[in-house]
Amino acid sequence: MDKQFPKVDIGISACLLGENVRFDGGHKNLYFANQVLVNYANYHRVCPEVGIGMSIPRKPIRLVEHNQQILLLDSRDASIDYTKKMQDFAEKKCASLTGLNGFIVTSKSPSCGMERMKVYDIDGKQIRKDGIGLFTQKLMQMHPNLPVEEDGRLNDSQLRENFIARVYVHATWHKDVANSDKMADLVKFHSQHKYQIMSHSYQAYKSLGKLVANAEKLSLSDIKPLYFSQLMTALKNIAGRKKHCNVMQHIQGYFKKQLTAHDKQELSDLIMQYRAGLVPLLAPLTLIKHFLKKYPNDYLNQQSYFSPYPLKMGLHG
């Protein structure tokens, strides 16, 4: 169960790594990126605004809706328009980002913000707050299955764990399945990720299983993009306590013949204590791993659910 993880490739807004590239000449140093993830990732840093030739420091910019288009304009002088430059830069840059497993962008940035960006009218009045930074919008359009997250949201433990889990699934897919012409590799991937997928969405697991069973007799080249898209969408669902408990109770069934009544009760109690929020997920998982060492099971041993990412990252709630 304990496995070695190769480094993942993460795109990241340069200011989050402490680079003084923001409009005010400062940065937005992200602790998780610089103190934790840095040990497990190769970073590919980008600052779209510097990328289009803007100075450091520089005048602030904003998203403006005009004639049913979203523009990137100088905040104080609407005649200064960076829209075309940013669109061209984003198109070219995002086309080159083919080897990434995830991307961390800067919140509240008109170029990098992922969601809830302020949008103004041409007169400078805020009209809504559902915009997306122009660079990140193009990134998500061109790479719809790439895990993308904002720095601020990564301060939430559940969102952070979810993002990293998706990053490692993305990496495993591209290592083991993306370039394979063997159906067996897809079947193996699906089997290995059974309980991890179930912990996010049981319905998605069933739907993905039907794709793998291939009742419609599709070609592998048709199945793989459908499978991967559905998979990465499903994994955005937070694996909450109820879902984890259902998975662990399912796994407990594999030991029903080996465990004593006392052992069964101990594990059941721990699972329920986790569901009630009294103990962390690691508590019942550690006991399950103990039983798995004592009573080996090849099918369970291959499950990514037990090691979705390096344990030392300290992400388990």
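Structure: see above.
First, a word on scope: everything that follows refers to the structure included in this document. (Residues numbered from 1 in each chain as written. Predicted model: local features only at pLDDT ≥ 70, side-chain atom pairs only at ≥ 80, totals over all residues. Heavy atoms only, no water.)

**A few points about the packing of aromatic side chains**
According to the stated counting rule, one finds 10 aromatic pairs in the structure shown. A centroid spacing of 6.0 Å and a plane angle of 55° characterise the contact between Phe-103 and Phe-135, whose relative ring orientation is tilted. Taken together, the residues span a long stretch of sequence, with Phe-103 in strand S5 (residues 102-105) and Phe-135 in helix H4 (residues 134-142) at a distance of 32 residues. As far as the burial class goes, Phe-103 and Phe-135 line up, both buried. What links up through ring pairs into an aromatic cluster is the set Trp-173, Phe-189, Tyr-227 and Phe-228. The ring centre of Tyr-120 lies 3.9 Å from the NZ or CZ of Arg-62, which sits over that ring. The side chain of Arg-160 reaches across the aromatic face of Phe-32, ending 5.8 Å from its centre. (Phe/Tyr/Trp six-rings, centres within 6.5 Å; stacked < 30°, edge-to-face > 60°. Helix = DSSP H or I, 4+ residues; strand = E, 2+ residues; numbered from the N terminus. Buried < 20%, exposed > 50% of the residue type's maximum accessible area, 1.4 Å probe, protein only. Lys NZ or Arg CZ within 6 Å of the ring centre and 35° of its normal.)

**Considerations on the sheet that holds strand S2 (residues 41-46)**
Spatially, 4 strands are ordered S2-S1-S5-S8 in an open sheet, and the strand pairing comes out parallel. Two strands close off the open sheet at either side, each with one partner strand: S2 and strand S8 (148-150). Across this sheet, the average inter-strand angle for adjacent strands is 25°, counted without regard to direction. Sheet topology note: the strand S1 (residues 8-13)/S2 ladder contains 6 bridges and is parallel. (Pairing = 2+ DSSP bridges. Axes fitted to C-alpha atoms, helices over the stretch in contact; angles between N-to-C directions.)

**As for the nonpolar core**
One finds Tyr-227, Leu-231, Ile-251, Phe-255 and Tyr-305 to be the most contacted residues of the largest nonpolar core, which totals 40 residues. Per-element accounting of this core gives the leading share, 6 residues, to helix H9 (residues 220-234). If we skip the residues at most four places from it in the chain, Ile-251 touches Tyr-195, Ile-288, Leu-300, Tyr-305 and Phe-306. (Core = buried A, V, L, I, M, F, W, Y, C linked by side-chain atoms within 4.5 Å. Contact = heavy atoms within 4.5 Å.)

**Points about the side chain of Ser-201**
Inspection of the secondary structure puts Ser-201 in the loop between helix H7 (194-198) and helix H8 (202-213). What makes Ser-201 buried here is its relative accessible area of 15%. A distance of 3.0 Å separates a polar atom in the side chain of Ser-201 from the backbone nitrogen of Ala-204. (Polar contact = N/O pair within 3.5 Å; in protein donor to acceptor, adjacent residues only side chain to side chain.)

**Side note on helix H3 (residues 83-96)**
With 14 residues, H3 should cover 20 Å at 1.5 Å per step; its first-to-last C-alpha distance of 20 Å lies within 8% of that length. Burial in H3 covers these residues: Thr-83, Met-86, Phe-89, Ala-90 and Cys-94. Across the axial projection of H3, the buried residues extend over an arc of 135°, all falling on one side. Turned more than 90 degrees off the buried face of H3, the exposed positions are Lys-84, Lys-85 and Lys-92. Tucked inside the fold, the buried residues of H3 contact S2, helix H2 (48-51), strand S4 (69-74) and H4. (Expected span 1.5 Å × (residues − 1). Arc of directions from axis to C-beta.)

**Brief notes about the sheet that holds S4**
Taken in spatial order, the 4 strands of this open sheet run S4-S3-S6-S7, and their pairing is mixed. Two strands close off the open sheet at either side, each with one partner strand: S4 and strand S7 (126-131). When strand polarity is set aside, the average angle formed by the axes of neighbouring strands in this sheet is 40°.

**A few points about the pairing of strand S6 (residues 117-120)**
In this sheet, S6 lies alongside strand S3 (residues 61-66) in parallel orientation, the contact comprising 2 bridges. Bridging across to S6, Leu-63 finds its partner in Val-119.

**Some details on unusual backbone geometry**
Cis geometry is found at the peptide bond from Ile-56 to Pro-57, where omega equals -10°. Its identity as a non-glycine residue notwithstanding, Asn-67 has a phi of 55°, on the positive side. With respect to the helices and strands, the residue Asn-67 is situated in the loop between S3 and S4. Judged by its relative accessible area of 63%, Asn-67 is exposed.

**Considerations on helix H5 (residues 157-176)**
Relative to the 28 Å expected for 20 residues at 1.5 Å per residue, H5 spans 29 Å between its end C-alpha atoms, a close match to the ideal helical length. Burial analysis of H5 places 15 of its 20 residues in the buried class, the great majority of the element. N-capping of H5 is provided by Asp-156, with a side-chain oxygen placed 2.9 Å from the backbone N of Gln-158.

**Some thoughts on the packing of helix H6 (residues 183-192) against H8**
Between H6 and H8, whose axes approach to 10 Å, the crossing angle comes to 165°. One way to sum up the angle between H6 and H8 is to call them roughly antiparallel. For the crossing formed where H6 meets H8, the hand is left-handed. In this structure, H6 contributes Met-183, Leu-186, Val-187 and His-190 to the contact, and H8 contributes Tyr-205, Leu-208, Gly-209 and Val-212. (Parallel < 35°, antiparallel > 145°, perpendicular 65-115°, else oblique. Left-handed = near helix turned anticlockwise from the far one by under 90°.)

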